Structure formats: structure tokens, C-alpha cells
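Report on the structure
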Amino acid sequence: MTDNVDRTDDRAPDGQPDVDALREDIRQIKSAMAIEDRYPGQRRLWLVHGTVVGLAGVLTNVMFVYPWPQYVYILVWAAVFALVGYTQWQTSVRTGIDVDDPTPKPSWKIVFGTLVAGLFVLTSIVDPVLADVESVLRGAFFFSVAFTVLGMGYLLAGTILRAYRIRAIDRYPFYTNGVWILLFAWLMPFVEWLHYAGYAVFGILFFLHGAGTYYLLSYRLAD
């Protein structure tokens, strides 16, 4: 810590503060930044997203009891994905640009935009291929693809946060969420009972992860 202070006090030959030394000090200070300091509201989003996705998952399984058209399920989950993506994107871009740090950073807009475009293309490709498949299995395949893109999104977000010098303990929930979602997406088409109850199970697991992460980051691991 003393080295940082001494270096900050260094001055250029003309008596002015050493700008390069100051920038280096700022980079070092931010190297272990908590995610809530860089992106205010991010911890709360874990709980919000967990609740929204959890309710959508349970609602989907309840809807199986009634003869709802398939497009209703798609609309429900499209709204969920849109809400999760939009709130995450806004939280990221609101404070994601650091004018004092000239180091190039990935663009959140490009990342989220690419994921949305990829999800649209993948679902469009899968839909005609599964036209003759039983509706229950078709839905499992369709949402498996959507969950795969979601899992990839969380893994990418965790990786990109490293470039923004977010501390590891705040990035681990993104990695964990991405890994279990990808595993779930892989299992869903092949496990028969998941064709029917998988949506509720996914929603409950997502809620537990979100609520647990919010609790740990806010109360157990808070600065």
C-alpha cells in the first residue's frame, strides 16, 4: 500500500503529477473491485431474475393442465428472456464504460445482441426440423436450445467481467449458473420426466441459485 502512495506522489520534471503513475494506481485499485461497486444493483438482479424465472417455470408446468396453444409458452418465455436480458444489459452498460481506463474492453451491446440473434436463428432452424415430433418432446428440444443460449450467456458474462477487473468471488456465480444450465439443457431432451416437469425444476433451481447468490454476496461476502 505504501508503494502505491509513494508512486502516486511522484511528479514529472515540470512539477506536475505523473499521469501514468496515477493511472496505474487506479488500475490497481480496481483490480479487486466488488461487482456492486462497478455495477450498482447487480446483486439485487440475482434475486429479481431468480424470482421471475422461477415463477415462469412453475407457471409453464401449471399450463400443461390446460390445452394452451404452443405459442403461449413461447411468448411467456420470450418475455422472461427479454426481461432478464434487458435488465442485465442495462445494469452492465449504465456504468460499464470507464473513461479513466484506456484499456480496450468488450462491448456488452455486441455480446448481448449476438446472443439474442443466435437464439433467434437457432430456434428458427429447429422449429421446422421438429415439425413432425411429438409436441411434448418438441417443446423440450425447443427450450433446451433456449436454455443452452442462456447458459452460454452467463459464462460469457463471467468471462467478460474479468476484463472489467471484477473480483473472482463475484464472477463465480455467473460461471456456476452457466455450467448447471448447460448441463440441464443437455439432459432435458433425453430424460422423459423432464419433458413434463423440467420447466418447473429449471425455474426452482434458477430461483435457488439466484436467491442464494444474492444472500451470499449481500450478507455473507459483502465488503
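The following paragraphs examine the structure supplied in this document.

Rules and cut-offs
- Residues numbered from 1 in each chain as written.
- Predicted model: local features only at pLDDT ≥ 70, side-chain atom pairs only at ≥ 80, totals over all residues.
- Heavy atoms only, no water.
- Helix = DSSP H or I, 4+ residues; strand = E, 2+ residues; numbered from the N terminus.
- Buried < 20%, exposed > 50% of the residue type's maximum accessible area, 1.4 Å probe, protein only.
- Contact = heavy atoms within 4.5 Å.
- Patch = residues over 30% accessible without salt bridge, like charges linked within 9 Å, V, L, I, M, F, W, Y side chains within 5 Å.
- Areas by Shrake-Rupley, 256 points an atom, 1.4 Å probe, with all protein chains shown as cover.
- Salt bridge = Lys/Arg side-chain N within 4 Å of Asp/Glu carboxyl O.
- Bend = angle between axes of the 7 residues up to and from the residue.
- Phe/Tyr/Trp six-rings, centres within 6.5 Å; stacked < 30°, edge-to-face > 60°.

Side note on the overall build of the protein chain
Each helix and strand counted, the protein chain has nine helices and zero strands in total. When the helices and strands of the protein chain are read in sequence order from the N terminus, they spell out α-α-α-α-α-α-α-α-α. Burial analysis of the protein chain (223 residues in total) assigns 40% to the buried set. Taking contacts inside the protein chain between residues at least 6 apart in sequence as the whole, the part at least 24 apart equals 72%.

What to know about a nonpolar patch on the surface
Taken together, Leu-47, Val-58, Leu-59, Val-62, Val-65, Tyr-66, Trp-68, Ile-204, Leu-205, Phe-207 and Leu-208 make up a surface patch of nonpolar side chains, about 1,000 Å² in accessible area. For Val-65, a relative accessible area of 64% corresponds to the exposed category.

Re helix α9 (residues 192–220)
An α-helix turns once per 3.6 residues; consequently, residues spaced three or four apart project the same way. The axis of α9 is deflected most strongly, by about 70°, at Gly-198. What α9 keeps buried is the set Leu-194, His-195, Gly-198, Tyr-199, Ala-200, Phe-202, Gly-203, Phe-206, His-209, Gly-210, Thr-213 and Leu-217.

Things to note about the pattern of salt bridges
Scanning the model with the defined rule gives one salt bridge in all. The shortest N-O distance in the salt bridge between Arg-167 and Asp-170 comes to 2.4 Å. Summarising the burial analysis for this pair, Arg-167 and Asp-170 share the class buried.

Some details on the packing of aromatic side chains
Applying the stated criterion to the full structure yields 22 aromatic pairs. When the centroid spacing of 5.7 Å and the interplanar angle of 75° are considered together, the rings of Trp-77 and Phe-147 count as edge-to-face. Here the residue Trp-77 occupies a position in helix α5 (residues 70–94), and Phe-147 occupies one in helix α7 (residues 135–163), the gap between them amounting to 70 residues. Residue Trp-77 is classed as buried on the basis of its relative accessible area, which comes to 3%. A relative accessible area of 0% places Phe-147 in the buried class. Measuring from centroid to centroid gives 6.3 Å for Phe-147 and Phe-184, while their planes differ by 65°, and the two rings are edge-to-face. Of this pair, Phe-147 sits in helix α7 while Phe-184 sits in helix α8 (residues 168–187), placing them 37 residues apart in sequence.

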